[in-house]
Protein chains: 2
Amino acid sequence: MAPNLDSYFSQVDNLSDHFIERLRQAVAIPSVSSEAARRPDVVRMGHFLADELTKLGASVELRELGPQPGTDLTLPPVVLARYGSDESKRTILVYGHYDVQPAEKSDGWETEPFELTVKEDGRMLGRGSTDDKGPVLGWLNAIEAHKVAGIDFPVNLLMCFEGMEEYGSEGLEDLINLEGKKYFADADAVCISDNYWLGTERPCLTYGLRGCNYYSVEVSGPGADLHSGVFGGTAQEPMTDLVRILGSLVDTDGKIQIAGISDQVAPITAEEDGLYDGIAFTMETLHESLGSKTTIFEDKKSTLMARWRYPSLSVHGIEGAFSAPGAKTVIPAKVIGKFSIRTVPNMEVDQTNAVVYKHVEEAFKKLGSKNTMKVYAQHTGKWWVASPNHWNFSAAAKATERVWGVKPDFTREGGSIPVTITFEEATGKNVLLLPMGSSTDGAHSINEKLDKRNYIEGIKLLGAYLHYVAEEAIV
Amino acid sequence: MAPNLDSYFSQVDNLSDHFIERLRQAVAIPSVSSEAARRPDVVRMGHFLADELTKLGASVELRELGPQPGTDLTLPPVVLARYGSDESKRTILVYGHYDVQPAEKSDGWETEPFELTVKEDGRMLGRGSTDDKGPVLGWLNAIEAHKVAGIDFPVNLLMCFEGMEEYGSEGLEDLINLEGKKYFADADAVCISDNYWLGTERPCLTYGLRGCNYYSVEVSGPGADLHSGVFGGTAQEPMTDLVRILGSLVDTDGKIQIAGISDQVAPITAEEDGLYDGIAFTMETLHESLGSKTTIFEDKKSTLMARWRYPSLSVHGIEGAFSAPGAKTVIPAKVIGKFSIRTVPNMEVDQTNAVVYKHVEEAFKKLGSKNTMKVYAQHTGKWWVASPNHWNFSAAAKATERVWGVKPDFTREGGSIPVTITFEEATGKNVLLLPMGSSTDGAHSINEKLDKRNYIEGIKLLGAYLHYVAEEAIV
């Protein structure tokens, strides 16, 4: 039978302003993990979380991960915390990340990206609001609401919050493998809140993710940048080579041009083929979150399959070329193209890297250039698919129906949370993805937001999930 | 007979530290015309020049050019100055620019770009040292050395120094056309010092330039940047379209792929064909200034022809994409590719634009993309070729031989100084390009420098040129 959650829910409502203030403080710390200059802010964010958790009565450890390979930087600490150690209770391990994507007002934000701005329509704008500071604080808020309401916390909660997720979770995998049978030893299941509803109305539980292999193609020639008037026509230009290589990777309709990729993709089964039609997802919602109608497909099924079960390739940008507004007549001496491939079953990282390197090397060879080209993976992450029939998922489904009044969709996602598979392998336990935000939140984009409703109801959901987990029978 | 210049030359040597200090003050003002935030520094640099000229006894006007089209910026003033108005003397109009290319230490500079750093080997590193603050100050220094030495100044000197050269000389053409028969009415010839020796040893006089048409290709689709995990494979990506368009423009060996360009290039004559072999230029010097051996051609003649009399196309960069170090899994919503074409006789701006727009539009059409594409010229500038037999050139040749002890090469250049043709048309007078710096100065590059020897001897050259101009017979 459903646990009595009413007093917990009303306490969350009472504390909602306080919880929003806590999110404001977190967003104000520009913890951008991919920018060296921001590293002290990332560390500061880790300490902020540790302090908040300590105040709430959790036992906290800041785990240092040492130097960041290939840099003179030190990796930010992983926040490990335990709240409760009652052997009669189930133990749930939750994960989140406290670092964020880069953001500058000049990118086109309507507000200061590192100042949480609550709009009248309930949008709470700010970098990290939904990815992933809101959900991370959700767990802290759930603890606090229980304490204030005087309700016994239903489980032992293990927490693992990292500061390098947006830069390939450097250093975390080793730590999780190390602690799988130690700090995380008594975990009965894992829950990660770091993804999004498919749309804006129906909640979902997620049991699959795509992987992400991120590549750099470096082309260099001249000793320094050159004046295009003086050298144009006499020197082979790295940019000329690079745009031709980048132009060979994928076509406008997303078809990857790299030989050997499609052979690695698992064929579709009849059972899977029937899954897509029932999902609460419309092209209208996609167009809304996209902000345009420039979709590759016109129908829901092809679109969901393209996002969930087929690989995609995106060209992200070029480092070393002229990137400012205006006109600069420079021939860049060294340019680094960045692209990534979202991977799916049954692609293997090494196999994928091999065909990518082969394609890029052959494309460069075709150019007959005297410049120097290097292609390498900045980071790689495997895809993940879990069993949605586990009690971890059924408890989350009941909690969702209790809080939101609807049964959740069981979905997969196009994004990558490499740590998911690491937790599964290190603990040997079921992993659930329980999203807080909705499809229009714009993670990684300008004007990233979390709706107040999703934040507050999401805090209720995380708490309710722990209550249902506590009483859910093992199936 | 050659004028007695010895006391002028020795005075320049006596004042050399003072002249270097003046250059240090100028380089310290980051007058980057293409960056809105730097506009006040550009204006400050104009006022610095006006103040120095006034102190030297010149009559100075700061001519405002009004708002910069398409921005909320005001154009920096043009510094107009006159030194001397003796009707018995010839009047020489000189031009230079006090704005510079963008520069950041993080671009890879070995020194702070806006701090002049004099190395033991005589290299004076700093943005604008050679392009074009050194030569501009050369005229001021020539005046000062005459005053201090008590030598009568041989000509009336008209000066026109602008602050928008690196951004298409916006607003200047109208001013020159307006003043051609007014402020510049008594000019007998024009001299511009804003280019470079072909090598590092033999000086040259330049009688031809390539033009420059600078283009933007804008591709947009989504309403904001997107997360490549969530949208990869479901949305048509502007970057995918843009790199394919940029990849279609030119090949690794510099061959422009745009139909209709080569038809616009003047055929080579037997006389021109014989010009190249005598020029003091070696592939070794080119490799040195290039900092590599990644040249398109292996021989001097093909290389000089490629620089002087054939068009070239360079891809400079992309605005709006991810350009920082590290990894960002973003799908940019709007990206602007930047490329330029160096133009030569007999290419006409309108004809060239027409075939460029046609090529880009067809390349985009081929993609069958739902994204939106715009192609347009940011600025255009015509090529220029003058008569090297004019007394303006013969005076400069004698001055060069007097200062440097060698006859100068008569050369053309690959770079663009659009104002050259404007002065020729507005005054109807011969225009001479008299370079101060050498081929290894690296204008527009990191570690831009002017050799101390070229600066000091260059000051002597500019002064000597004015003395020979004063007595040169009209041929």
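Calculation notes
Residues numbered from 1 in each chain as written. Chains lettered and ligands numbered in written order. Predicted model: local features only at pLDDT ≥ 70, side-chain atom pairs only at ≥ 80, totals over all residues. Heavy atoms only, no water. Least-squares fit on C-alpha atoms with pLDDT ≥ 70 in both. Buried < 20%, exposed > 50% of the residue type's maximum accessible area, 1.4 Å probe, protein only. Helix = DSSP H or I, 4+ residues; strand = E, 2+ residues; numbered from the N terminus. Contact = heavy atoms within 4.5 Å. UniProt positions renumbered as here; feature names shortened; annotations may be inferred. Polar contact = N/O pair within 3.5 Å; in protein donor to acceptor, adjacent residues only side chain to side chain. Buried area = accessible area lost by both parts, 1.4 Å probe. Salt bridge = Lys/Arg side-chain N within 4 Å of Asp/Glu carboxyl O. Nonpolar A, V, L, I, M, F, W, Y, C, P; charged D, E, K, R; others polar.

For these two chain copies, the linking operation is a rotation about an axis paired with a shift along it. The transform that puts chain B on chain A rotates by 180 degrees and translates by 0.0 Å along the axis, for an RMSD of 0.1 Å. The relationship between the two copies is best expressed as a two-fold rotation axis. Proximity to the rotation axis, assessed at the C-alpha, singles out V243(B) in chain B; its C-alpha lies 2.6 Å from the axis.

Taken residue by residue, helix α10 (residues 300-308) of chain A has T303(A), L304(A), M305(A), A306(A), R307(A) and W308(A) as its buried positions. For α10(A), the secondary structure elements touched by its buried residues are α9 (283-290) and β16 (409-412) of chain A together with α6 (228-231) of chain B.

Among the structural elements, S445(A) can be located in the loop between β17 (431-433) and β18 (449-451). You can call S445(A) buried: its relative accessible area is 5%. Linking S445(A) and E201(A), residues 244 residues apart in sequence, is a C-alpha distance of 21 Å. Ignoring any residue separated from it by four or fewer positions in sequence, one finds S445(A) in contact with W109(A), R127(A), D225(B), L226(B) and H227(B).

Residue and element names in this part refer to chain A. Within this structure's numbering, the places UniProt gives as "binding site: Mn(2+) 2" (unreviewed entry) are H97, D131 and D194. Spatially, the listed residues are clustered: although they cover 98 residues, their C-alpha atoms lie within 8.1 Å of one another. Take H97: it is sitting in strand β3 (residues 91-97). Non-local contacts of H97, meaning those with residues more than four positions away in its chain, are made with D131, D132, K133, V136, E162, E165, E166 and D194. Following the sequence through the fold, D194 ends up in the loop between β7 (189-192) and β8 (204-209). With a relative accessible area of 7%, D194 lands in the buried category. Leaving out residues up to four positions away in the same chain, D194 has contacts with H97, D131, D132, E165 and I417. A polar contact is formed between the side chain of D194 and the side chain of H97, at a distance of 3.3 Å.

Across the contact, 88 residues belong to chain B and 88 residues belong to chain A. Note on chain B versus chain A: buried area summed over both sides is about 7300 Å², and carbon and sulfur give 52% of it. Linking K370(A) and E298(B) is a salt bridge whose minimum nitrogen-to-oxygen distance equals 2.5 Å. In this assembly, chain B and chain A are joined by 51 residue pairs in polar contact (both at pLDDT 80 or more). For the side of chain B that touches chain A, the element with the most residues is strand β11 (residues 312-319) of chain B, which contributes eight residues. Residues belonging to the side of chain B that touches chain A are distributed by class as follows: 33 nonpolar, 39 polar and 16 charged.

Next up on the list: the side chain of E472(B). All names here are of chain B. Locating E472 in the fold gives a position in the segment after α14 (452-471). Overall, E472 belongs to the buried group, its relative accessible area being 10%. Sequence-distant contacts of E472, that is, excluding residues within four places in its chain, are made with R90, W391, S394, A395 and K398.

Feature annotation in UniProt assigns "site: Important for catalytic activity" (unreviewed entry) to the following positions: H227(A). When you line up the elements, H227(A) lands in strand β10 (residues 226-227). On the accessibility criterion, H227(A) (10% relative accessible area) is buried. Residues contacting H227(A), with those up to four places away along its chain left out, are G232(A), T329(A), I331(A), R342(B), G415(B), A443(B), H444(B) and S445(B). There is a polar contact of 2.8 Å between the side chain of H227(A) and the backbone nitrogen of G229(A).

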